[in-house]
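One-letter residues, chain by chain:
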Amino acid sequence: MVGVSDVLYLMFHPNQLRSIIQWKVWHDPVYRRDPSKETPTLRTCFDLLNLTSRSFSAVIQELQPEMLVPIALFYLVLRALDTIEDDMTLSAKTKEPMLREFYKYMKIDGWSFNGSGPNEKDRDVLVHFDDVIVELKKIDKKYYDVIEDITIKMGNGMADYALNAEFQEGVETVAQYEEYCHYVAGLVGEGLTRIFVQGNTANPALLDRMELTESMGQFLQKTNIIRDVHEDFEDKRRFWPKGVWSKYVDKWEDMFDPKYRTQALHCSSEMVLNALKHADECLFYMAGIKEQSVFNFVAIPQSMAIATLELVFQNPAIFHSHIKITKGDACHLMMQSTQNLRVVCDVFKVYTRRIAKKNDPRDPHYLEISVACGKIEQFIETLFPTQDAKKLQAIQDADGQEGAQSDLWEALLLIGAVIFVLLFVSGLMLGLAWYMGARFDVIFDKSAASSLKDAATAAATSAATQAHEEL
């Protein structure tokens, strides 16, 4: 429901309103889910999906029919695991066996769990998990086996952390932080990739490059952990590794004290730097997706992540409130991310440049963040060079035409210079001749020329007579 504040905000931000309208009116999904052809239990599953994440649910429901139900059920199973792991009202002794045995519950008809805390936002997934079980038994075995395998791995990983006394106090090292992100997000990427390949919607070569799959999950999870730092602090949880924040403050609580705001921002810069290292591999992964609806499914969250990372970077608001990108920005990103890889690369380029622009030279990680941003742009350039062959040919043709015109002008200038020099030298010689007494007027005056000739003849005769007399 739209509130008064939302209406006022959109009135003063028309670009945001335009993006929302464009998405609502002009977005044309590749596929549309048809609830009329679904069983009541499957419709319940999609209702649960809508309750857990409306934006993510919308993307799932636009997947091609072959991928739609397996991925929706996979998401609900993992959401159920995550709800148990996040529930602070459950003791570790209760969580640990549930997490490890959850793959077995998936096979028990009618199993559900209503012991989650009343304020746990996704408790309904567990309460109505019996409907999920009904649908899980209907999907192709190749998809069920993937879901079961990832559930076992993730359940055991979460159980290990639930029993880890140190983890209950917060993540200690960067290695532990990345291992946790692997269990809660990296494994999700692995499962999705295996489902995509089984459904022939992704390049099988992705299975040989699991580091790309890992980066997809790590990038999303790390971005969410950075953004949710204040919310987690209020819930008495800490996912930022002590090995990072202890460089800047003595106590975790100091991160949220305005007196240490500069130190907190420097710490957040290191966390952002740690997340940025996955960006280029995320783009590389998306290049391996062969089907448009699946591409949309993987591209939208990644575009949201890079935009969120830019929002939280050098933003002190993350330490006293919960921030997120606006609905208008989200709609604009979804419009761009449902096109092709080149457009998604442009999205990454835009937000990477914004991060570089916000980078503060006083930040101890200034140089490293600048290098990380440059690396992302450089990778995008290898995928889509800005100087493609057609553009280069056009430039060369234009240069050839300009060169021909330039050669003509150079030849004309050279001829003009030669003529000028000849005229100048000739003029100089004639001037000197005139100065020395040359009579150029006789050339044009016949009478003067005749008298001059007579005078010359007389002078010659006189000279000859005088010579004769002397002899």
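Note: the structure precedes this text.
Below you will find a few notes about this structure. Everything numeric here is computed off the predicted structure, so don't read it as measured data. (Residues numbered from 1 in each chain as written. Predicted model: local features only at pLDDT ≥ 70, side-chain atom pairs only at ≥ 80, totals over all residues. Heavy atoms only, no water.)

Moving on, we get to the overall build of the protein. Across its full length, the protein holds 22 helices and zero strands. A buried classification covers 45% of the 471 residues belonging to the protein. When contacts within the protein are restricted to residue pairs at least 6 apart in sequence, those whose partners lie at least 24 apart make up 73%. Total accessible area computed for the protein in this model is approximately 25500 Å², and 58% of it derives from carbon and sulfur atoms. (Helix = DSSP H or I, 4+ residues; strand = E, 2+ residues; numbered from the N terminus. Buried < 20%, exposed > 50% of the residue type's maximum accessible area, 1.4 Å probe, protein only. Contact = heavy atoms within 4.5 Å. Areas by Shrake-Rupley, 256 points an atom, 1.4 Å probe, with all protein chains shown as cover.)

With that out of the way, let us pick up the pattern of salt bridges. Applying the stated criterion across every chain, the model contains 28 salt bridges. Measuring nitrogen to oxygen at the nearest pair gives 2.8 Å for the salt bridge that ties Lys-104 to Glu-101. With Lys-104 and Glu-101 both in helix 6 (residues 92-105), this residue pair falls three residues apart, about one helical turn. Of the residues examined, Lys-104 reaches a relative accessible area of 41% and is grouped as partly exposed. Owing to a relative accessible area of 27%, Glu-101 belongs among the partly exposed residues under this scheme. (Salt bridge = Lys/Arg side-chain N within 4 Å of Asp/Glu carboxyl O.)

Right, let's get into the environment of Asp-149. With respect to the helices and strands, Asp-149 occurs in helix 9 (residues 141-163). Along the primary structure Asp-149 and Leu-187 are separated by 38 residues, whereas in three dimensions their C-alpha atoms are 9.8 Å apart. With near-sequence residues (within four places) excluded, Asp-149 lies in contact with Glu-190 and Arg-194.

This part takes up the nonpolar core. Ranked by internal contacts, the top residues of the largest apolar core, which has 125 residues, are Phe-102, Phe-129, Phe-196, Trp-240, Met-255 and Met-286. Among the elements that line this core, the one with the most residues is helix 5 (residues 65-86), at 14 residues. Setting aside its immediate chain neighbours within four residues, Met-255 contacts Trp-240, Trp-245, Val-249, Arg-261, Ala-264, Cys-267 and Phe-319. (Core = buried A, V, L, I, M, F, W, Y, C linked by side-chain atoms within 4.5 Å.)

Right, let's talk about helix 6 for a bit. Along its 14 residues, helix 6 runs 19 Å from first to last C-alpha, staying within 8% of the 20 Å computed at 1.5 Å per residue. In helix 6, a bend of some 40° at Leu-99 exceeds every other bend along the element. Buried within helix 6 we find Lys-95, Met-98, Leu-99, Phe-102 and Tyr-105. In this structure, the buried side of helix 6 is in contact with helix 5, helix 7 (123-127), helix 8 (129-136) and helix 9. (Expected span 1.5 Å × (residues − 1). Bend = angle between axes of the 7 residues up to and from the residue.)

Okay, unusual backbone geometry next. For Lys-236, which is not glycine, the phi torsion reads 60° and is therefore positive. As for its position among the elements, Lys-236 is in the loop between helix 13 (229-234) and helix 14 (242-245). Non-glycine residue Gln-314 carries a positive phi angle of around 55°. Position of Gln-314 among the secondary structure elements: in the loop between helix 17 (292-312) and helix 18 (327-337).

The final tally for this structure, using the stated rule, is 18 aromatic pairs. Taking 5.6 Å as the distance between ring centres and 90° as the angle between the ring planes, the aromatic pair formed by Phe-102 and Trp-111 counts as edge-to-face. Note on accessibility: Phe-102 and Trp-111 belong to one class, buried. Arranged with centres 3.9 Å apart and planes meeting at 15°, the rings of Phe-233 and Phe-256 form a pair that is stacked. (Phe/Tyr/Trp six-rings, centres within 6.5 Å; stacked < 30°, edge-to-face > 60°.)

All right, on to a nonpolar patch on the surface then. A grouping of Phe-420, Val-421, Phe-424, Val-425, Leu-428, Met-429 and Leu-432 is seen on the molecular surface, where their side chains present a nonpolar patch of about 740 Å² in accessible area. Checked against the element boundaries, Met-429 lands in helix 21 (residues 389-435). Looking at Met-429, the relative accessible area reads 58%, which means it is exposed. (Patch = residues over 30% accessible without salt bridge, like charges linked within 9 Å, V, L, I, M, F, W, Y side chains within 5 Å.)

Next up on the list: helix 11 (residues 174-198). Compared with the 36 Å implied by 1.5 Å per residue over 25 residues, the 34 Å span of helix 11 between its first and last C-alpha is a close match. The principal kink in helix 11, of about 50°, is found at His-182.

On the secondary structure map, Gln-218 appears in helix 12 (residues 210-227). Taking relative accessible area as the criterion, Gln-218 reaches 3% and is therefore assigned buried. A polar atom in the side chain of Gln-218 sits 2.8 Å from the side chain of Glu-214. Filtering out sequence-adjacent residues up to four positions away, Gln-218 remains in contact with Glu-178, Cys-181, His-182 and His-278. (Polar contact = N/O pair within 3.5 Å; in protein donor to acceptor, adjacent residues only side chain to side chain.)

Our next topic: the packing of helix 16 (residues 279-286) against helix 19 (residues 341-358). Relative orientation of the contacting elements helix 16 and helix 19 amounts to 170°, with a least axis distance of 10 Å. Considered as vectors, helix 16 and helix 19 are oriented roughly antiparallel to each other. Here helix 16 contributes Ala-279, Leu-283 and Met-286 to the contact with helix 19, which in turn contributes Leu-341, Val-344, Cys-345 and Phe-348. Residue composition of the contact of helix 16 with helix 19, grouped by class: seven nonpolar, no polar and no charged. (Axes fitted to C-alpha atoms, helices over the stretch in contact; angles between N-to-C directions. Parallel < 35°, antiparallel > 145°, perpendicular 65-115°, else oblique. Nonpolar A, V, L, I, M, F, W, Y, C, P; charged D, E, K, R; others polar.)

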